[in-house]
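Notes for the structure review
So the chains spell out like this:
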Amino acid sequence: MPLRLLRVAPPPDSGAHPHGHVTPRHPRLDPLADRYAARTHGMKASEIRALFSVVSRPEVVSLAGGMPAVTALPLDAVGSMIGELVSGMGAQTLQYGSGQGDPRLRERICDVMALEGILDANPSEVVVTVGSQQGLDLVTRVFCDPGDVILAEGPSYVGALGVFQAAQARVRHVAMDDDGLVPEALEQALLECRANGDRVKFLYTIPNFHNPAGVTLSEPRRRAIVDIADRYDLLVVEDNPYGLLGFDHDPIPALRSRNAQRVIYLGSFSKTFSPGLRVGWVLAPLAVREKLVLATEAQVLCPPSLTQYAVARYLDTQPWREQIKVFTELYRERRDATLESLETLMPPGTAWTHPDGGFYVWLELPHGLDAKLMQPRAVNAHVAYVPGIGFYADGSGRGHLRLSYCYPEPDQIREGVRRLARVIEAELDLHSTFDAVDTGTFRGLGSAERA
Amino acid sequence: MSEGAAVPAVASTEQPHPLRAVVLAGGLTFEREVSLSSGTQVVEELLRAGLDAELRDADAELLPGLAAAPADAVFIALHGATGEDGALRAVLDLAGVPYVGSPAAACRLAWDKPAAKSVVRSAGLATPDWVALPHSTFRELGAGAVLDLIVARLGLPLMVKPASGGSALGAQKVSRVEDLPASMVSCFAYGDTVLVERFVDGVELALSVVDLGEGPEALPAVEIAPESGVFDYTARYTPGLTEYHSPARVDDAVAQRAAALAVRVHDALGLADVSRTDAIVTPDGEVHFLEVNVSPGLTETSMFPMAVEAAGYELGDVLARLLARRAGRSR
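Residues numbered from 1 in each chain as written. Chains lettered and ligands numbered in written order. Predicted model: local features only at pLDDT ≥ 70, side-chain atom pairs only at ≥ 80, totals over all residues. Heavy atoms only, no water.

**As for the overall build of chain B**
Basically, it comes down to this: For the purposes of this entry, the term helix denotes a DSSP run of H or I that reaches at least four residues, the term strand denotes a run of E that reaches at least two, and both are numbered from the N terminus. What the globule rule says is 2.2 Å times the number of residues to the power 0.38, and the radius of gyration is computed from C-alpha atoms. We call two residues contacting when some pair of their heavy atoms lies within 4.5 Å. For every accessible area listed, the method is Shrake-Rupley and the probe measures 1.4 Å; residues are considered covered only by the protein chains on display.
The helix and strand tally for chain B stands at 13 helices and 14 strands. Whereas a compact globule of 331 residues would reach a radius of gyration of roughly 20 Å, chain B reaches 20 Å, a difference of no more than 12%. Restricting the contact set of chain B to residue pairs at least 6 apart, pairs at least 24 apart contribute 67%. Roughly 11900 Å² of accessible area belongs to chain B as shown, and the carbon and sulfur atoms make up 53% of that amount.

And the structure:
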């Protein structure tokens, strides 16, 4: 049979370009491949991220995303409020504003921070940012040169690790336990860095209902850490998006409330109101604030006017503290469903944290299991979680995963945990088949033909 | 089949409206993201070629949607089991919906790598020695004993991969015997059967085949050279990390052999319309079949579009002609 091969001439009716003359693709598909900045080195397509795309299918129970329950807001009231801001005040709300953020909102932010024990903040020390994510990025840009060291809890928030990587800083993780960051471990890390000649720019900490660990830094630990910071002249960046989402007790006073000069505080309306509005803030001493304002103006000119006005108006006219209670009751019910089903269903060898607020449970798998390698099985089983390695800069975390309970209904959570349990059991079965294999005893190796 | 079957995209006076195509993409598999990327590209290309094209997922809305607003033909840009194991196509057959691509039974065969290799070897084509076994075999007969036999027979290095699946997910080269048990564990996370093959070193080629109405024709081979040495998921889908040469930088004799292999594979497995065979050319010039894909990637970093371009075609035109052929047949 004659082979039709390699037809180079285009078919007569295709109307295509002339014979063989295509603008050739660059062999690496990217003519700019050699020109990118060093800080983009980590920006690659990732299998983990790809496996997440299945969570958009309804068949999958996602215990992966940290999406707040925004539909529990009084959407009609918020809607008319925002509508009035445009129709009644469009000249301001649709216009550029101050790079530091709307003064009225900054006053209200100080009222919000008072609930966390910060009683001495001035509106002039507040910089409104596009989410506290931008705030963290600005603080990192203002302080870190490539090669500087940042101390962070181990595990830490994946969004922060991304910011630190983009700044080409080196992250050194410090141990946590059920009461949060361990002060002795922090001191040990500082001594080691000093001995290595490392320049530690700051400690990054999430003291309340930690993402991903779920734990909260206890009161005695807060005192100890502020004390260590004083003794070692250490700057602290305190990231507190979840502080008002406790189920059983009032917020423990912030690190910032104990030391105004040494602690830079990041706050957010994402979990107490709405993440989509992209409104957060940084509270910093005057000199730092100056630099942050210059840096944010260079990035975004000013934070969004409409959503800042929306937040200020919401705080002024809506029962926002009651709304937080509505949220926390929802999250409490979901936390309960998670912990109860974990207790009932998880195989031996599994352990997990017991959050009393926020969104997350940090689960330790039985010894030898790997949350990332297990992920395809979970996809097949239609349950999603975030593997632990995403929360470390040094490759640790393989034996852990994060469960997020804020979004699914309690019944779905139970079903998700059921599926997860089966996945873990199947992995344990697999490990019991292969873990004991001692390849050193193989006899075939001597007679094997080499390829 | 007459010559006139290769109809242009904008058809005869009986059909004044542009061809209505539904592009299936997404699905509930590991390759969902790649599929959505392929599907989006396909829709753009078809719109550019003058068709009416719409993206849909293979979910509970699909069948009612097709019943309510029938498509002239469906283009399957689903990767992974949903699109490639034949089940969806069997359902489309039941529904009488024409689609571009291989029929259900052929898909089932191609999707199962060991089954495809058996057919290919029976057809007299080279493919690396292999064994494919489920987890239960290792559990029941003892993993150590079975792995020992595998190493004795196939040697090292080995290529370990899930018996079905694409985008290189789960595939690993194992050079040291002590890494073998762990590689099996990670592979079994993808599915119940693992394929272990003798690792063959050489130039990696993607061999695309298209049938525009005159039988399957081989498009120019695309040579793949990943910077890291491993053509894994990251290397495939991050522009800049892999070098592609189309046509491949191989001599004419090798190019001919590779093209012949791709067409023989397409025929031997009963494939239709499009396929992409992945192969390795060893230093002696022999072309070895690795696997074949009935729903090749059509993303911006995919090899099938590169091959189409190297042949001097426009991707949109090729896709439109394939759809038109299928739509024509159904009337």
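**Comments concerning the overall build of chain A**
In plain terms, the rule: Throughout this description, buried means an accessible area under 20% of the type-specific maximum (1.4 Å probe, protein chains only), exposed means over 50%, and partly exposed covers the range between.
Per the secondary structure count, chain A includes 13 helices and 14 strands. Dimensions of chain A along its principal axes, counting C-alpha atoms only, are 85 × 65 × 50 Å. For chain A, buried positions account for 53% of its 451 residues. The contacts of chain A with a sequence gap of at least 6 include a subset with a gap of at least 24, amounting to 75%. Summed over all atoms, the accessible surface of chain A reaches about 19900 Å², with 53% contributed by carbon and sulfur.

**Observations concerning the pattern of salt bridges**
Residues and elements named next belong to chain A. To be explicit about the condition: Each salt bridge in this description consists of a side-chain nitrogen of Lys or Arg and a carboxyl oxygen of Asp or Glu lying within 4 Å of one another.
Taken as a whole and assessed by the stated rule, the structure comprises 50 salt bridges over all chains. The salt bridge partner of aspartate 148 is lysine 201, with a shortest N-O separation of 2.7 Å. One end of the pair, aspartate 148, is in the loop between helix H4 (131-143) and strand S3 (149-154); the other, lysine 201, is in strand S6 (residues 200-205), and 53 residues separate them in sequence. As far as burial versus exposure is concerned, aspartate 148 and lysine 201 are alike and both buried.

**Focus: the interface of chain A and chain B**
To be explicit about the condition: In protein, a polar contact requires one atom able to donate a hydrogen and another able to accept it; more generally it is a pair of N or O atoms within 3.5 Å, and residues adjacent in sequence count only if both atoms are side-chain atoms.
Listed as interface residues are 60 residues of chain A and, on the opposing side, 71 residues of chain B. On the surface where chain A and chain B come into contact, there are three salt bridges. The partner of B:Asp57 in a salt bridge is A:Arg57, with the nearest N and O atoms 3.0 Å apart. Counting across the chain A and chain B interface gives 14 residue pairs in polar contact (both at pLDDT 80 or more). Put simply, the parts of the chain that give the side of chain A that touches chain B at least two residues each are helix H1 (47-51), helix H11 (375-380), helix H12 (410-434) and helix H13 (444-447) of chain A.

**Here's the deal with the packing of aromatic side chains**
Rules: Classification of ring pairs uses Phe, Tyr and Trp, with its six-membered ring standing for Trp, and accepts pairs whose centres are within 6.5 Å; under 30 degrees between planes counts as stacked, over 60 as edge-to-face, and the remaining range as tilted.
As enumerated under the stated definition, the model contains 16 aromatic pairs over all chains in all. Measuring from centroid to centroid gives 5.1 Å for B:Phe30 and B:Tyr190, while their planes differ by 75°, and the two rings are edge-to-face. With B:Phe30 in the loop between strand S1 (20-24) and helix H1 (32-48) and B:Tyr190 in the loop between helix H9 (180-188) and strand S8 (193-198), the pair connects residues that are 160 residues apart, well separated along the chain. The rings of A:Tyr242, A:Phe327, A:Tyr331, A:Phe359 and A:Tyr360 are connected pair by pair, giving a single aromatic cluster.

**Quick notes on the sheet that holds S3(A)**
All names here are of chain A. In plain terms, the rule: Two strands make a pair as long as DSSP finds a minimum of two bridges between them. For every element, the axis is a line fit to its C-alpha atoms; helices are fit only across the contacting stretch, and the angle between N-to-C directions ranges from 0 to 180 degrees.
Taken in spatial order, the eight strands line up as S2-S9-S8-S7-S6-S3-S4-S5 in an open sheet, and their pairing is mixed. Of all strands in the sheet, those bounded by a partner on one side alone are strand S2 (126-129) and strand S5 (180-181). As paired elements, strand S8 (residues 263-268) and strand S9 (residues 280-283) share four bridges and run antiparallel to each other. Looking at S9, one finds that leucine 266 is bridged to valine 282. Sheet contacts for helix H8 (residues 286-300): S2, S8 and S9; angle to S2, the most-contacted strand, approximately 25°.

**Points about the environment of B:Glu204**
Residues and elements named next belong to chain B. Structurally, the position occupied by glutamate 204 is in strand S9 (residues 203-211). Along the chain, glutamate 204 and valine 222 lie 18 residues apart, while their C-alpha atoms are 8.5 Å from each other. What glutamate 204 contacts, discounting residues up to four positions off in sequence, is Val222, Glu223, Ile224, Phe231, Ala279 and Ile280.

**What about unusual backbone geometry?**
When glycine is set aside, most residues are seen to have a negative phi, and most peptide bonds are trans. The amide bond that connects A:Gly154 to the next residue, A:Pro155, takes the cis arrangement and shows omega of 5°. Tracing the sequence through the fold places A:Pro155 in the loop between S3 and helix H5 (158-166). In this structure, A:Pro212 follows A:Asn211 across a cis peptide bond, with omega equal to 10°. Position of A:Pro212 relative to the elements: it lies in the loop between S6 and helix H7 (219-231). Although it is not a glycine, A:Asp233 sits at a positive phi angle of roughly 55°. Residue placement: A:Asp233 occurs in the loop between H7 and strand S7 (236-239). The class of A:Asp233 is exposed, set by a relative accessible area of 60%. Within the chain, B:Asp273 stands out as a residue other than glycine whose phi angle is a positive 70°. Tracing the backbone through its elements, the reader meets B:Asp273 in the loop between helix H11 (252-268) and strand S13 (274-281). According to the relative accessible area criterion, B:Asp273 is buried, its value standing at 2%.

**Comments concerning the confidence of the model for chain B**
All names here are of chain B. The condition that has to hold: The pLDDT score gives, residue by residue, the confidence of the prediction method on a 0 to 100 scale.
With 94% of its residues at a pLDDT of 70 or more, chain B has an overall mean of 92. Long-range and interchain partners of residues 1-5, a stretch whose pLDDT sits below 50, account for five contacts in this model, where long-range means more than four residues apart. Quick note on the complex model: pTM equals 0.90, ipTM equals 0.89.

**Comments concerning the packing of helix H6 (residues 183-196) of chain A against H7(A)**
Residue and element names in this part refer to chain A. Selection rule: Throughout, the term roughly parallel applies to angles under 35 degrees, roughly antiparallel to angles over 145, roughly perpendicular to angles from 65 to 115, and oblique to all others. Put simply, a crossing is left-handed when the front helix is turned counterclockwise from the back one by less than a right angle, and right-handed when it is turned clockwise.
Closest axis-to-axis distance for the H6/H7 pair is 9 Å, and the angle between their directions is 15°. Taken as axis vectors, H6 and H7 run roughly parallel relative to one another. Here H6 and H7 pass one another in a crossing that is right-handed. Taking contact as the criterion, the partners of Pro183, Leu186, Glu187 and Leu190 in H6 are, on H7, Arg221, Ala224, Ile225, Ile228 and Arg231.

**Digging into H5(A)**
All names here are of chain A. Within H5, burial applies to Gly159, Ala160, Leu161, Val163 and Phe164. Tucked into the core, H5 has its buried residues touching H4, S3, strand S4 (170-177) and S6. Note on H5: the residue one or two positions beyond its end, glutamine 168, has a positive phi of about 60°.

**Quick look at the pairing of S1(B)**
Residue and element names in this part refer to chain B. Going by this rule: Seen with its strands pointing away from the viewer, a crossover is right-handed if its path from the first strand over the helix to the second goes clockwise.
Across the five residues of S1, four count as buried, placing the element largely inside the fold. Two strands pair when backbone bridges link them, and S1 and strand S2 (residues 52-56) are joined in this way by five bridges, in the parallel orientation. Its bridge partner being in S2, valine 23 is matched across the sheet by leucine 55. Note that the unit made of S1, H1 and S2 has a crossover that is right-handed.

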